[in-house]
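Understanding the architecture of this molecule
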Amino acid sequence: MTGRRWYIPWLFLAPALAVAVTFFIVPFGNTAILSLTNASTLGGGKFTGLTNYERLIEDDQFWLSLRNTALYLVVVVPMLVALPLLLAVLVQRRVAGIGFFRAVFYSPVVASMVVAGLIWSWLLSSDGIVNSFLRATHAVSEPVPFLTDANWLLVSAMAMTVWKGLGYYMVVYLAALANVPRSLLEAAEVDGAGPARRFLSVTVPLLRPTMVLVATLAAIASAKVFAEVYTLSDGSAGPGGEARTLVYTIRETGLGLSGEAGYASAMSLALFVATLGLSVLVTRLNSREEQA
């Protein structure tokens with residue numbers, strides 16, 4: 001490449017760089033600056049240094065949100081790693097009508113979160129289908145408070161998150177399963193390995209990079225969960241807001257004319273650091289296992 005054409009690669013990169021700078025780098029820098037001020041949603045504010053971060057340490061609502069978000073990660077991520085894989089194994093076979101089932105399993109992914117929230121609220125209400133079925137089978141004597149108890153609300157939101165993510169990660173696994181060498185599976189079958197043994201000894205090890213990717217994506221999505229809790233609780237996050245997540249708290253802190261933009265920005269930076277640290281940790285652990 002001649003010196004006169006050094007700019008050509010940058011011309012191709014320019015649109016992506018413009019989007020990244022406009023919608024990611026500049027907002028992130030602005031958030032970092034706001035986190036060091038006492039700015040409100042109406043603007044203004046003075047530089048306060050690390051005061052907002054010191055306030056986080058003593059904020060019970062922040063720690064409650066962090067606990068609920070961590071619980072969300074612990075429960076949802078393993079399910080979104082394992083269940084879509086099992087689902088992908090079931091639907092990867094080319095049999096008549098399998099395309100229909102793939103479409104059905106993927107349909108929750110394309111449904112809007114508002115519609116999904118309305119469906120799940122209808123299913124889990126005190127007189128909804130789930131409670132009606134439980135009472136009809138005498139499994140319970142009183143309606144289960146899926147939407148009115150903080151703990152049950154979190155469980156319901158987790159179930160909704162898994163339901164929404166199953167189809168997406170199933171497609172990711174289907175792409176990875178298509179790259180598993182058929183010869184290795186056939187060799188294992190010749191050696192006498194059954195379906196379960198072939199899956200655990202051949203398929204799963206080859207899919208480890210994909211499983212790490214799914215775990216990372218699911219962890220990031222779970223750390224940012226908001227819509228599930230908001231829609232299922234009609235915006236209240238349960239009695240006393242006990243089911244609030246970190247993103248929910250950030251929104252409530254920075255919302256309205258009396259919102260604290262600076263403090264909400266500090267929470268956002270804390271969430272960013274936690275999410276980044278989690279992603280790095282998962283990647284490092286996977287690298288050590290591969291080297292071992």
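See the structure shown above.
What comes next is a walk through the structure. (Residues numbered from 1 in each chain as written. Predicted model: local features only at pLDDT ≥ 70, side-chain atom pairs only at ≥ 80, totals over all residues. Heavy atoms only, no water.)

With that out of the way, let us pick up the pattern of salt bridges. For side chains of opposite charge, pairing can occur when their charged atoms come near one another. Scanning the entire structure with this criterion turns up 3 salt bridges. We note a salt bridge from arginine 55 to glutamate 260, for which the minimum N-O separation is 2.7 Å. One end of the pair, arginine 55, is in helix α2 (residues 51-58); the other, glutamate 260, is in the loop between α12 (246-254) and α13 (261-291), and 205 residues separate them in sequence. For glutamate 260, a relative accessible area of 32% corresponds to the partly exposed category. With its nearest N and O atoms 2.8 Å apart, the salt bridge here joins glutamate 252 to arginine 251. (Salt bridge = Lys/Arg side-chain N within 4 Å of Asp/Glu carboxyl O. Helix = DSSP H or I, 4+ residues; strand = E, 2+ residues; numbered from the N terminus. Buried < 20%, exposed > 50% of the residue type's maximum accessible area, 1.4 Å probe, protein only.)

Once that is clear, we can look at unusual backbone geometry. Located in the positive-phi region is aspartate 234, a residue other than glycine, with phi close to 60°. Note that aspartate 234 resides in the loop between α11 (227-232) and α12. Here alanine 237, not a glycine, exhibits a phi torsion of approximately 60°, which is positive. Within the secondary structure, alanine 237 is located in the loop between α11 and α12.

Two elements in contact, helix α9 (residues 195-206) and helix α10 (residues 208-223), have axes whose closest approach is 4 Å; the angle formed by their N-to-C orientations is 60°. Taken together, α9 and α10 sit at an angle that is classed as oblique. Counted together, Val204, Pro205 and Leu206 of α9 and Arg208, Pro209 and Met211 of α10 form the full contact between these two elements. The residue inventory of the contact of α9 with α10, partitioned by class, reads 5 nonpolar, no polar and 1 charged. (Axes fitted to C-alpha atoms, helices over the stretch in contact; angles between N-to-C directions. Parallel < 35°, antiparallel > 145°, perpendicular 65-115°, else oblique. Contact = heavy atoms within 4.5 Å. Nonpolar A, V, L, I, M, F, W, Y, C, P; charged D, E, K, R; others polar.)

Another point: helix α7 (residues 150-177). Here α7 is 28 residues long and its end C-alpha atoms lie 39 Å apart, about the 40 Å a rise of 1.5 Å per residue gives. N-cap assignment for α7: the residue whose side-chain oxygen lies 3.1 Å from the backbone N of asparagine 151 is aspartate 149. (Expected span 1.5 Å × (residues − 1). Polar contact = N/O pair within 3.5 Å; in protein donor to acceptor, adjacent residues only side chain to side chain.)

Enumeration according to the criterion identifies 10 aromatic pairs in this entry. With centroids separated by 5.4 Å and ring planes inclined at 75°, the aromatic side chains of phenylalanine 62 and tryptophan 63 adopt a geometry described as edge-to-face. Of the aromatic side chains, those joined through ring pairs into one cluster are Phe226, Tyr230 and Tyr248. A cation over an aromatic ring shows up here: arginine 55 above the ring of tyrosine 263, its NZ or CZ 3.7 Å from the ring centre. (Phe/Tyr/Trp six-rings, centres within 6.5 Å; stacked < 30°, edge-to-face > 60°. Lys NZ or Arg CZ within 6 Å of the ring centre and 35° of its normal.)

Counting residues in hydrophobic clusters, the biggest one holds 60 residues, and the most contacted among them are Tyr72, Val77 and Leu232. Here the element with the most residues in this core is α7; it accounts for 14 residues. If sequence neighbours within four positions are ignored, tyrosine 72 has contacts with Val77, Leu154, Ala157, Met158, Thr161, Ser222, Val225 and Glu228. (Core = buried A, V, L, I, M, F, W, Y, C linked by side-chain atoms within 4.5 Å.)

Coordinates in, geometry out; function isn't part of it.
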